[in-house]
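Below are the chains, spelled out letter by letter.
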Amino acid sequence: KAISINPENAVSWYGKGFVLEHIGEVEESVKCFEEAIKCFDRAISIEPKFDKAWGSKGVVLAGMGKFEEAIKCFDRAISINPENADAWSSKGVALSGMGKHDEAIKFIDKALSIDPDDAEVWEDMGYIILKQGKPGEAIPYFDKSIELDPKYPDAWHEKGIALAKLGKYKEALK
């Protein structure tokens, strides 16, 4: 409705893209991801310095496995707003998706220096360390994520995986 009222409103296009991004995650629908990208592109064409639109476009591209394109979007978001912790963290996750775990950790560290109270970023760090094959080192990051947001399911899930990899199966079931 907002877009029909003002088709030049970047925030409305961003909002539509954001909703489509999340529908795509739930339904694993490439069509929703592609439509979300179009919305983010429209928002960016209206407001080229809209860092959140650049970052969200990157998240969708990374979700589609297009990590190099995603990283370009995160770089653009960071160049617009160097305090955008989500863009720093998302770039780290994308780099990890490319197998560049050591490099990824540097970007997650930067995100944590900007926003140390973001449970998702703490979980991202644990996830990357877990992907490096270091479950014992990952657990404190999951614990911090859970401390910040006890209802954040990804942190609980990843902690369970880390515990299972350590052979702590009973603890993993909790």
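Residues numbered from 1 in each chain as written. Predicted model: local features only at pLDDT ≥ 70, side-chain atom pairs only at ≥ 80, totals over all residues. Heavy atoms only, no water.

Undergrad: Got a sec to walk through the overall build of the protein? Specific residues and values, please.
TA: For the protein, the count of helices and strands is 11 helices and 0 strands. By residue count, 44% of the 174 residues in the protein fall in the buried class. Of all intrachain contacts in the protein linking residues separated by at least 6 positions in sequence, the fraction that spans at least 24 positions is 44%. Total accessible area on the protein is roughly 9600 Å²; 54% of this is exposed by carbon and sulfur atoms. (Helix = DSSP H or I, 4+ residues; strand = E, 2+ residues; numbered from the N terminus. Buried < 20%, exposed > 50% of the residue type's maximum accessible area, 1.4 Å probe, protein only. Contact = heavy atoms within 4.5 Å. Areas by Shrake-Rupley, 256 points an atom, 1.4 Å probe, with all protein chains shown as cover.)

Undergrad: Can you break down the packing of aromatic side chains residue by residue, with the values?
TA: Counted according to the given criterion, the structure contains 2 aromatic pairs. Lying over the aromatic face of tryptophan 88, lysine 110 brings its terminal NZ or CZ to 5.6 Å of the ring centre. Here the basic side chain of lysine 144 rests over the ring of tryptophan 122, its NZ or CZ set 5.8 Å away from the ring centre. (Phe/Tyr/Trp six-rings, centres within 6.5 Å; stacked < 30°, edge-to-face > 60°. Lys NZ or Arg CZ within 6 Å of the ring centre and 35° of its normal.)

Undergrad: Got a sec to walk through helix α4 (residues 51–63)? Specific residues and values, please.
TA: A turn of α-helix holds 3.6 residues, and therefore any two residues three or four places apart point the same way. Across its 13 residues, α4 extends 18 Å between first and last C-alpha, which sits within 8% of the 18 Å expected from 1.5 Å per residue. The set of residues buried in α4 consists of Asp51, Ala53, Trp54, Gly55, Ser56, Lys57, Gly58, Val60, Leu61 and Ala62. Positive phi shows up at glycine 65, right after α4, with a value of about 80°. (Expected span 1.5 Å × (residues − 1).)

Undergrad: Break down the packing of helix α8 (residues 119–131) against helix α10 (residues 153–165) for me, with residues and values.
TA: At their nearest, the axes of α8 and α10 sit 10 Å apart, and the two run at 25° to each other. Viewed along their axes, α8 and α10 adopt a mutual orientation that is roughly parallel. Seen along the crossing, α8 lies across α10 with a hand that is left-handed. The segment α8 lies against α10, with Glu123, Tyr127 and Leu130 engaging Asp154, Ala155, Glu158, Ile161, Ala162 and Lys165. For the contact of α8 with α10, the class distribution of residues is 5 nonpolar, no polar and 4 charged. (Axes fitted to C-alpha atoms, helices over the stretch in contact; angles between N-to-C directions. Parallel < 35°, antiparallel > 145°, perpendicular 65-115°, else oblique. Left-handed = near helix turned anticlockwise from the far one by under 90°. Nonpolar A, V, L, I, M, F, W, Y, C, P; charged D, E, K, R; others polar.)

Undergrad: Summarise the side chain of serine 89; cite the residues concerned and give the values.
TA: Note that serine 89 resides in helix α6 (residues 85–97). Within polar-contact distance, the side chain of serine 89 engages the side chain of aspartate 124 at 2.7 Å. Not counting residues up to four positions away in its chain, the partners in contact with serine 89 are Phe107, Ile108, Ala111, Val121 and Asp124. (Polar contact = N/O pair within 3.5 Å; in protein donor to acceptor, adjacent residues only side chain to side chain.)

Undergrad: Now, about the pattern of salt bridges: what can you tell me, with residues and values included?
TA: This model, assessed by the stated rule, comprises 4 salt bridges. Across the pair aspartate 75 and lysine 91 runs a salt bridge whose closest N-O atoms are separated by 2.5 Å. Of this pair, aspartate 75 sits in helix α5 (residues 67–80) while lysine 91 sits in helix α6, and the two are 16 residues apart along the sequence. What makes aspartate 75 partly exposed here is its relative accessible area of 33%. (Salt bridge = Lys/Arg side-chain N within 4 Å of Asp/Glu carboxyl O.)

Undergrad: Please set out the environment of lysine 165 residue by residue, giving values where relevant.
TA: With respect to the helices, strands and loops of the structure, lysine 165 is situated in helix α10. Exposure remark for lysine 165: the relative accessible area of 57% places this residue in the exposed category. Measuring from C-alpha to C-alpha, the distance between lysine 165 and glycine 133 comes to 9.0 Å, with 32 residues separating the pair along the chain. Among residues more than four places away in sequence, those in contact with lysine 165 are Leu130 and Pro135.

So far we have only geometry, and geometry alone does not tell us how the molecule works.
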